[in-house]
Amino acid sequence: MMTLPLVFRADRRQFIVVGGGAVATRKIHTLVTAGCHPLVISPQVSPEVQSLADAGVITLSLKRVDLEQSYPFGSFVVLATDDKAVNDEQAARAQQQGALICRADNQDNNDFIFPAVVDRSPLLISVSSRGAAPALTRHIKQRLEAFLPQQYGRLANEVESLRAQVKIAVAASKRAAFWRQWMQSQAPDLILAKQAAKADEITQALLAGEHPSRGEVFLVGAGPGDPDLLTFRALRLIQSADVVFYDRLVNPAIMEFLSPDTERFYVGKARSDHSLPQDGINQLLVQEAKKGKRVLRLKGGDPFIFGRGGEEIEELAAAGVPFQVVPGITAASGCSAYAGIPLTHRDHAQSVRFVTGHLKDGTCDLPWAELIHPSQTLVIYMGLAGLPHICQQLIAHNMAATTPIALVEKGTLPDQKVHIATLETMPNYIETHDIQAPTLTIVGSVVALHETLKWR
Ligand code: SAH
């Protein structure tokens, strides 16, 4: 069987679905999503189909198809009853009358098939295998879903509106080259990032025959460790970077997603090993972007939570370098989820507070009184070295010495460990156990839920 993918206007065709069970429901759903108004013929239908009929988006004929059924010439007929004999007989009738048929129970005689569709309207990507390997087409569709930003439709609309301008400004023989350049420029990314004015600057420069620099910095949160916790956007930008600056908290497994020719710079950030001072990092980001590179600043967790992301982009903004910020799952979310410790819970905590326990000169000047709030969970980043001091201060400021406290070591990674103690016993616990960074501390009665909710 040879096939030719064509695209039909949904509102110009008559679609008829015979059947109302699970298979029919899926096809009806596909048709309605595409803007068709199908006629559905079946003595019984699923609740979903009934509700589409109630909403007026399909026409329902609650009857059994019979040998009198007529199918308009050129209509599309989907045969999805669970009775093979009925499908056979109606397929023959429909084809006799000049309709096109598709049935799920026997592909051999089909006039058309339903491809798997990635919908970024007006952009549609259809994947099909002549009906031979639906599992494979679904798999490819899912991969495309993950890689094409949801806003791709917006990009298509933008291209559509730009076409008129390009037609006037660029000679026909140079248009293909213009579009190639435009697609490779920063403009599409800027449109996706809702920076229309900047995108337009680049477009105008390209229309005028200039070659604007594509230098840009992506400040990307890499999440707490497990590579599965990256966002789609983070993954796309990681894969498209020319150069990356990363620190200790970024899991090496995530670095595997970089293209082999991406230049890599380790910029440290272990507590006692600042391989490169913050100022140096800021300057490097500016320098590399100004060379026209796509610069990836990859940071553990979320770049705006104890990540100094703000300082880095302040410098970029001052230097006029374009940048984007991609949020990541912060250690508090990742560690609490993977440790089975909900940060809020109606019976335990109505608020949660993130603080840093980073010690300056051996002391830790936290607003202790504010932290002793009942029904509040306390999450302490960077607090391992100062934890005995923190426990002692919390008790001194009247938090119950029996308050449970969890230390999540290497949260979300395969060797994650969750250590549970109380404010009183934790200092001794740390002394007697070998605990490795990074660790996150969670204080509050929610910690008691770990015993029943732990799932890893
Ligand atoms: N921007 C990061 C935090 C950087 S501060 C974020 O949003 O998560 C570094 C601290 O984060 C570490 O000292 C530790 O307290 C915490 N942390 C980061 N990743 C962690 C992990 N996988 N397990 C436990 N703690 C982690």
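Summarised in this report is the structure supplied together with it. The shown structure was predicted, so the numbers you read here are calculated from the model rather than taken from an experiment.

## Things to note about the site of the ligand
Looking at the ligand, there are 18 residues lining it, with Asp-302, Ile-305, Thr-330, Gly-411 and Thr-439 nearest. Between Gly-300 and the ligand, the recorded distance is 3.1 Å, taken from a backbone N or O atom to a nitrogen atom. Protein chains bury 93% of the 550 Å² of accessible surface belonging to the ligand in isolation. Here the shell around the ligand is composed, by residue class, of 11 nonpolar, five polar and two charged. In terms of domain composition, the shell around the ligand takes at least three residues from each of domain 3 (216-329) and domain 4 (336-453).

## Digging into a nonpolar patch on the surface
On the surface, a cluster of nonpolar side chains totalling about 310 Å² of accessible area is made up of Phe-306, Val-352, Phe-354 and Met-382. Inspection of the secondary structure assignment puts Met-382 in the loop between β14 (376-381) and α15 (387-396). Residue Met-382 is classed as partly exposed on the basis of its relative accessible area, which comes to 40%.

## Some thoughts on the packing of aromatic side chains
Considering all chains together, one arrives at 11 aromatic pairs under this definition. Between Phe-354 and Tyr-381, the ring centres sit 5.8 Å apart and the planes meet at 55°, which makes this aromatic pair tilted. Residue Phe-354 is located in strand β13 (residues 351-356), and its partner Tyr-381 is located in strand β14; the two are separated by 27 residues in the primary sequence. On the basis of relative accessible area, Phe-354 is assigned to the partly exposed category, the value being 30%. Directly above the aromatic system of Trp-455 lies the positively charged group of Arg-456, at a separation of 5.8 Å from the ring centroid.

## A few points about unusual backbone geometry
Ser-121 connects to Pro-122 through a cis peptide bond whose omega is 5°. Cis rather than trans, the peptide bond between Ala-437 and Pro-438 has omega equal to -5°. Inspection of the secondary structure puts Pro-438 in the loop between α16 (426-432) and β17 (439-443). A positive phi is found at Lys-194, a non-glycine position, where the angle reads about 60°. Mapped onto the elements, Lys-194 comes out in the loop between α7 (187-192) and α8 (196-207). If you check the backbone angles, Asn-398 has positive phi at about 80° while not being a glycine. You can see Asn-398 is positioned in the loop between α15 and β15 (404-409).

## Considering helix α2 (residues 47-54)
The α-helix advances 3.6 residues per turn, and as a result positions three or four apart in sequence lie on the same side. Listed as buried for α2 are Val-49, Leu-52 and Ala-53. All buried residues of α2 fall inside an arc of 100° around its axis, so they share one side. Opposite its buried face, α2 presents the exposed residues Pro-47 and Asp-54, each directed more than 90 degrees away. Elements in contact with the buried residues of α2: α1 (22-33), β2 (39-41) and β3 (59-61). Directly beyond the C-terminal end of α2, a positive phi value near 80° is found at Gly-56.

## A short note on the sheet that holds strand β11 (residues 294-299)
Reading across the sheet, the five strands line up as β10-β9-β11-β8-β12 and stay open at both edges, with parallel pairing between neighbours. The outermost strands of the open sheet, each flanked by one partner alone, are β10 (263-266) and β12 (323-326). Direction aside, the axes of adjacent strands within the sheet are offset by 15° on average. Both strand β8 (residues 216-221) and β12 contribute to a ladder of four bridges, which runs parallel. Pairing of Phe-218 across the sheet is with Gln-324, part of β12. Across the sheet, helix α9 (residues 232-240) touches β8, β11 and β12, and the angle it forms with β12 is around 135°. Running over the sheet, helix α11 (residues 278-290) touches β8, β9 (243-246), β10 and β11 and is turned about 155° from β11.

Scoring rules and cut-offs
Just so you know, the residues in each chain are numbered from 1, in the order the chain's sequence is written. Per-residue local features of the predicted model are confined to residues with pLDDT of at least 70, and side-chain atom pairs are confined, for both listing and counting, to 80 or more; whole-chain, interface and lining totals are unaffected and use all residues. Side-chain numbers here rest on the full set of heavy atoms in the structure, without hydrogens or water. We call a residue near a molecule or strand as soon as one heavy atom of that residue lies within 4 Å of the molecule or strand. In the analysis that follows, any N or O atom pair within 3.5 Å is treated as a polar contact, provided that within protein one partner can donate a hydrogen and the other can accept it, and provided that, for residues neighboring in sequence, both atoms belong to side chains. Residue-level accessible areas treat just the shown protein chains as cover; the underlying method is Shrake-Rupley with a 1.4 Å probe. Under the convention adopted here, Pro, Cys and the residues Ala, Val, Leu, Ile, Met, Phe, Trp and Tyr are nonpolar, Asp, Glu, Lys and Arg are charged, and Gly plus all remaining residues are polar. Here the bounds of each domain stem from an automatic or database domain assignment. Patch rule: a residue counts if its relative accessible area is over 30% and it has no salt bridge; like charges are joined within 9 Å, and nonpolar side chains (Val, Leu, Ile, Met, Phe, Trp, Tyr) within 5 Å. Salt bridges, as used here, are contacts in which a Lys or Arg side-chain nitrogen is within 4 Å of a carboxyl oxygen on Asp or Glu. Runs of E in the DSSP output that reach at least two residues are strands. Runs of H or I that reach at least four are helices, and both are numbered from the N terminus. Classification of residues uses two cut-offs on accessible area relative to the type maximum, computed with a 1.4 Å probe and protein chains only: under 20% is buried, over 50% is exposed, and between them is partly exposed. Aromatic pairs are defined between Phe, Tyr and Trp rings, using the six-membered ring for Trp, whenever the two ring centres lie within 6.5 Å; interplanar angles under 30 degrees are classed as stacked, those over 60 as edge-to-face, and all others as tilted. In this scheme, Lys NZ or Arg CZ marks a charge over a ring once it lies within 6 Å of the ring centre and within 35 degrees of the ring normal. Directions pointing from the helix axis toward each C-beta atom define the arc. When checking whether two residues touch, look at their non-hydrogen atoms; a contact exists if any pair is within 4.5 Å. Any two strands with at least two DSSP bridges between them are considered paired. Angular values range over 0 to 180 degrees, each being the angle between N-to-C directions of two axes fitted as lines to C-alpha atoms, with helices fitted over their stretch in contact.

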